[in-house]
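Analysis of the macromolecular model
Chain by chain, the residues run as shown.
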Amino acid sequence: MGFSGWRVLKEGLTGNKGWQPHWRDATPKSEYDVVIIGGGGHGLSTAYYLAKNHGITNVAVLEKGYLGGGNVGRNTTIVRANYFLPGNSEFYSHSLKLWENLEQDLNYNVMLSQRGQIMLFHSDGQRDAMARRGNAIRNQGDDAEILSVGALKRMLPYLDYEQTRFPIYGGLMQRRAGTARHDAVAWGYARGASERGVDLIQNCEVTGIDREGGRVTGVQTTRGAIRAKKVAIIVAGRSSQVAAMAGMRLPIESHVLQAFVTEGLKPVIDHVVSFGMGHFYISQSDKGGLVFGGDLDMYASYAQRGNLPIVEHVMEAGMTLMPMIGKAKLLRSWGGIMDMSPDGSPIIDKTDTEGLFLNCGWCYGGFKAVPGSGYSTAHLIATETHHAPAARYRLDRFRTGRGLMDEEGTGSQHNLH
Ligand SMILES: Cc1cc2nc3c(=O)[nH]c(=O)nc-3n(C[C@H](O)[C@H](O)[C@H](O)COP(=O)(O)OP(=O)(O)OC[C@H]3O[C@@H](n4cnc5c(N)ncnc54)[C@H](O)[C@@H]3O)c2cc1C
């Protein structure tokens, strides 16, 4: 079923009776060529690109809850390609290019809004660092520009520029950055994969990974055993637990990240604004809610809910940056489980078990990676070779120390982010 303006018009005139479910709710078969564990953004996009780019359609995505119920439906939807380090910059650059054609590719409105993202800086030293980052981004072929404090005041008049702790000196802007509707991204990839023959199986938790003679042979699930030639673990915050089923101990820590939304307001914030010094970032949704977040809850946890000290920390940072936010009523808050890697960069790799693949370590930045990650993971599964933009996302960098990409400059202590 295709979407078009004509279709919307026709359905509107005929009582909206012709719409179909967007994907088949499949029952598991006994065997697949590829089983993907995890129906989040990365699992679904991997299934889609396996089918679309490589013609591999005998694929099942096994999701323990419902599709899109994990982080892909819980994030603050920021999409950007302004990473600094080689290894990350080419990957996110590729991903942003996929975003820019995603709606046409999926025939699905993911509401990509390239409204621009601004990272604020608060000292001369930070300005230098941002200029260097901007130059690296431009060398990569993406856009970045330094904004003076005067330009910022015209663009973001609601900020408190003179705050004594972190007076604002300017910002680094990427105009092609922005937001997208997170649920629609999951649904669009699910629909695209299902249309191409992939089985999407909900309420199906993987409880074991079967191996024989150093090879993966299938998975045990709450809906029975499923044999598979290849298995990919793509479960974000649950990566360590699922990898342990194959005898692996991952260098991943799981932490909760919270987000918040206010009641709907008239348009006031036209961009995505990041206040790194205070651990705060904000945008405004199309419904008018101010969507914002901050730092991780500072201890490891698998609980998909947040704690009050971080709520206070985020509210304080918001009030520091834009005191007018104190007038808005907070509507909801929620949390998701982040798969934090020691260098803040992800893993897309084979494992020591033949046929078993791993995709994880997205920390709090994996939504923007959904298209690029699925594309590169599908390439790895199909061809057994690394896709160039993701070639540095090797697992063994944590064993050897070679190839680490400490994007945040904070090392493995996640409470220093
Ligand atoms: C509050 C918040 C704000 C964020 N903001 C941003 C942002 O602005 N920009 C950005 O780029 N990123 C952001 N992120 C990060 C981003 O959402 C994640 O990095 C990304 O969604 C993780 O990949 P995923 O979508 O595949 O994860 P998920 O959606 O969590 O998918 C993993 C799936 O695996 C399933 N699973 C787990 N164990 C099993 C099992 N045993 N069997 C079967 N299924 C299993 C889970 O149920 C889940 O559905 C944010 C995250 C949060 C929580």
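Reading the values: the criteria
- In every chain, residue numbers begin from 1 and rise along the written sequence.
- Where totals are concerned, whole chains, interfaces and linings use all residues; where local detail is concerned, this predicted model gives features only for residues with pLDDT of at least 70, and gives and counts side-chain atom pairs only at 80 or more.
- Working from all heavy atoms in the structure, the side-chain values ignore hydrogens and water.
- UniProt positions are given in the numbering used here, feature names are shortened, and annotations may be inferred rather than shown by experiment.
- A run of DSSP states H or I qualifies as a helix once it reaches four residues; a run of E qualifies as a strand once it reaches two. Both are numbered from the N-terminal end.
- Buried means the residue's accessible area, taken with a 1.4 Å probe over protein chains only, is under 20% of the maximum for its type, while exposed means over 50%, and partly exposed covers the values in between.
- Any pair of residues with heavy atoms lying within 4.5 Å of one another is described as a contacting pair.
- Neither His nor the chain ends contribute to the count of charged residues, in which Lys and Arg are positive and Asp and Glu negative.
- A single reference atom marks each charge: NZ on Lys, CZ on Arg, CG on Asp, CD on Glu.
- Domain start and end points were adopted from an automatic or database domain assignment.
- Two parts placed together each lose some accessible area under a 1.4 Å probe, and the buried area is that loss summed for both.
- When at least one non-hydrogen atom of a residue lies within 4 Å of a molecule or strand, that residue is treated as near it.
- Identification of polar contacts relies on pairs of N or O atoms within 3.5 Å, with a donor-acceptor requirement for protein atoms, meaning one able to donate a hydrogen and the other able to accept it, and with residues adjacent in sequence counted only if both atoms are side-chain atoms.
- Residue burial considers only the protein chains on display, and all accessible areas are found by Shrake-Rupley using a 1.4 Å probe.
- Disulfides are defined as cysteine sulfur pairs within 2.5 Å.
- Between any two strands, at least two bridges found by DSSP are needed for them to pair.
- Between N-to-C directions, angles span 0 to 180 degrees; the directions come from axes that are lines fitted to C-alpha atoms, helices contributing only their stretch in contact.
- Two rings from Phe, Tyr or Trp (for Trp, the six-membered ring) form a pair when their centres sit within 6.5 Å of each other. Planes less than 30 degrees apart are called stacked, planes more than 60 degrees apart edge-to-face, and all others tilted.

The name given to the protein in an unreviewed UniProt entry is Sarcosine oxidase subunit beta, with Roseovarius nubinhibens as the source organism. Per its UniProt entry, the protein bears the Subcellular location (unreviewed entry) comment "Cytoplasm".

Concerning the overall build of the protein
Helix and strand counts for the protein stand at 11 helices and 18 strands. By its C-alpha atoms, the protein is 65 × 65 × 40 Å across when sized along the principal axes. Counting only residues that meet the buried cut, the protein has 54% of its 417 residues in that class. At a minimum sequence separation of 6, the contacts of the protein that also span at least 24 residues come to 75%. In the protein, 44 positive and 40 negative side-chain charges are present, and the distance between their average locations comes to 4 Å.

Overview of the domain arrangement of the protein
Each domain of the protein was delimited in the assignment, giving domain 1 (5-77 + 183-251 + 343-400) and domain 2 (115-176 + 254-340). Each of domain 1 and domain 2 was reduced to a C-alpha centroid, and the two centroids are 30 Å apart. Counting residues at the interface gives 16 residues for domain 1 and 16 residues for domain 2. Counting the surface lost from both domain 1 and domain 2, the interface buries some 1400 Å², and carbon and sulfur atoms represent 51% of this.

Some details on the site of the ligand
Neighbouring the ligand are 38 residues; Glu 63, Asn 71, Val 72, Thr 76 and Lys 368 lie closest to it. In this structure, Gly 365 approaches the ligand through a main-chain N or O atom, which is 3.1 Å from an oxygen atom. Burial of the ligand by the protein amounts to 96% of the accessible area it has alone, namely 1000 Å². When contributions to the shell around the ligand are tallied by element, the ones reaching two or more residues are helix 2 (41-54), strand 12 (253-264) and strand 16 (330-340).

Some points on the state of the cysteines
Considering all chains together, one arrives at zero disulfides under this definition. For Cys 360, which is in no disulfide, the shortest distance to another cysteine sulfur is to Cys 363 and amounts to 9.4 Å. Looking at Cys 360, the relative accessible area reads 0%, which means it is buried. Exposure remark for Cys 363: the relative accessible area of 7% places this residue in the buried category.

Things to note about unusual backbone geometry
Of note in this structure, Asn 203 is not a glycine but carries a positive phi near 50 degrees. By the secondary structure assignment, Asn 203 is in the loop between strand 8 (199-201) and strand 9 (206-212). With a phi angle near 60 degrees, Glu 384 is a residue other than glycine that sits in the positive phi range. Judged by its relative accessible area of 33%, Glu 384 falls in the partly exposed class.

Section: the sheet that holds strand 6 (residues 170-174)
The sheet built from eight strands is open, its strands ordered 5-6-4-13-14-15-12-16 with mixed pairing. The open sheet terminates on both sides in strands that have one partner only, identified here as strand 5 (145-148) and strand 16. With direction set aside, neighbouring strand axes in the sheet form an average angle of 25 degrees. Pairing analysis gives four bridges linking strand 5 to strand 6, with the strands arranged antiparallel. Its bridge partner being in strand 6, Leu 147 is matched across the sheet by Gly 171. Of the strands in this sheet, strand 4 (117-121), strand 5 and strand 6 are in contact with helix 5 (residues 124-140), which crosses strand 4 at around 150 degrees. Strands strand 4, strand 12, strand 13 (272-275), strand 14 (280-284), strand 15 (289-300) and strand 16 of the sheet are contacted by helix 9 (residues 308-321), whose axis makes an angle of about 135 degrees with strand 15.

Some details on the UniProt feature "domain: Rhodanese" (unreviewed entry) in the protein
Following the UniProt record, the feature "domain: Rhodanese" (unreviewed entry) maps to residues 34-78 here. With 31% helix and 20% strand, residues 34-78 has end C-alpha atoms that lie 30 Å from one another.

A few points about the packing of aromatic side chains
Summed over the entire model, instances satisfying the criterion amount to 15 aromatic pairs. Look at Trp 99 and Phe 367: their rings are 5.3 Å apart centre to centre, the planes differ by 55 degrees, and that puts the pair in the tilted class. Of the two residues, Trp 99 is situated in helix 3 (residues 89-100) and Phe 367 in the loop between strand 18 (356-360) and helix 10 (370-383); the sequence distance between them amounts to 268 residues. Residue classification places Trp 99 among the buried positions, given a relative accessible area of 1%. Measuring from ring centre to ring centre gives 6.3 Å for Trp 362 and Tyr 393, while their planes differ by 85 degrees; the resulting arrangement is edge-to-face.

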